[in-house]
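A look at the structure
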Amino acid sequence: MRIVSPAYISGRPWAICDRCGFQYRHDELRLEWTNLLVCEPCLDPPDPLLTPPKVWPEGIPINNPRPEPPPIFVDPYPPVGDATSLDFSDVNNSALMGAI
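Attention here is on the structure that accompanies the text. (Residues numbered from 1 in each chain as written. Predicted model: local features only at pLDDT ≥ 70, side-chain atom pairs only at ≥ 80, totals over all residues. Heavy atoms only, no water.)

1. Some remarks on the overall build of the protein chain
Scanning the protein chain from terminus to terminus reveals 1 helix and 4 strands. The secondary structure elements of the protein chain, listed N-terminal to C-terminal, are β-β-β-β-α. For the protein chain, with 100 residues in total, the buried portion stands at 9%. Contacts in the protein chain between residues far apart in sequence, at least 24 positions, make up 5% of those at least 6 positions apart. A total accessible area of about 9,600 Å² is found for the protein chain, and carbon and sulfur atoms account for 63% of it. (Helix = DSSP H or I, 4+ residues; strand = E, 2+ residues; numbered from the N terminus. Buried < 20%, exposed > 50% of the residue type's maximum accessible area, 1.4 Å probe, protein only. Contact = heavy atoms within 4.5 Å. Areas by Shrake-Rupley, 256 points an atom, 1.4 Å probe, with all protein chains shown as cover.)

2. Notes on the nonpolar core
Across soluble globular proteins, nonpolar side chains have a tendency to be buried as a group. Counting residues in each nonpolar core, the largest one holds 7 residues, listed as A15, C17, Y24, L29, V38, C39 and C42. Setting aside residues no more than four positions away along its own chain, A15 makes contact with F22, Q23, Y24, H26 and L29. (Core = buried A, V, L, I, M, F, W, Y, C linked by side-chain atoms within 4.5 Å.)

3. Describing the side chain of E32
Tracing the chain through its elements places E32 in the loop between strand 3 (30-31) and strand 4 (37-38). Side-chain polar atoms of E32 contact the side chain of R19, separated by 2.8 Å. Beyond its immediate sequence surroundings of up to four residues, E32 is in contact with R19, V38, C42, L43 and D44. (Polar contact = N/O pair within 3.5 Å; in protein donor to acceptor, adjacent residues only side chain to side chain.)

4. Here's the deal with the side chain of R25
Mapped onto the fold, R25 is located in strand 2 (residues 23-25). There is a polar contact of 2.6 Å between the side chain of R25 and the backbone oxygen of R12.

Here it is, written out as structure tokens:
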């Protein structure tokens, strides 16, 4: 425990540490991140995990942006017998079904 002299010094009032309860000069106490007025031995540095990560802007924004169109896939080798690739518009339906 610190030995404290009761002598009054102008401009240096006494204060009590919020954590340990010892009496210190007010200018020796520090305001902690938890808003407690604590002495140097009781000072607890803030945990670095409590600080948010630093983020920077990604660049200059583009005026009037548009989404990228979806890719168009063209199969160079369509499957054999694909009904969508056959065109029956000029064929007579009765010829396909045989003579009735």
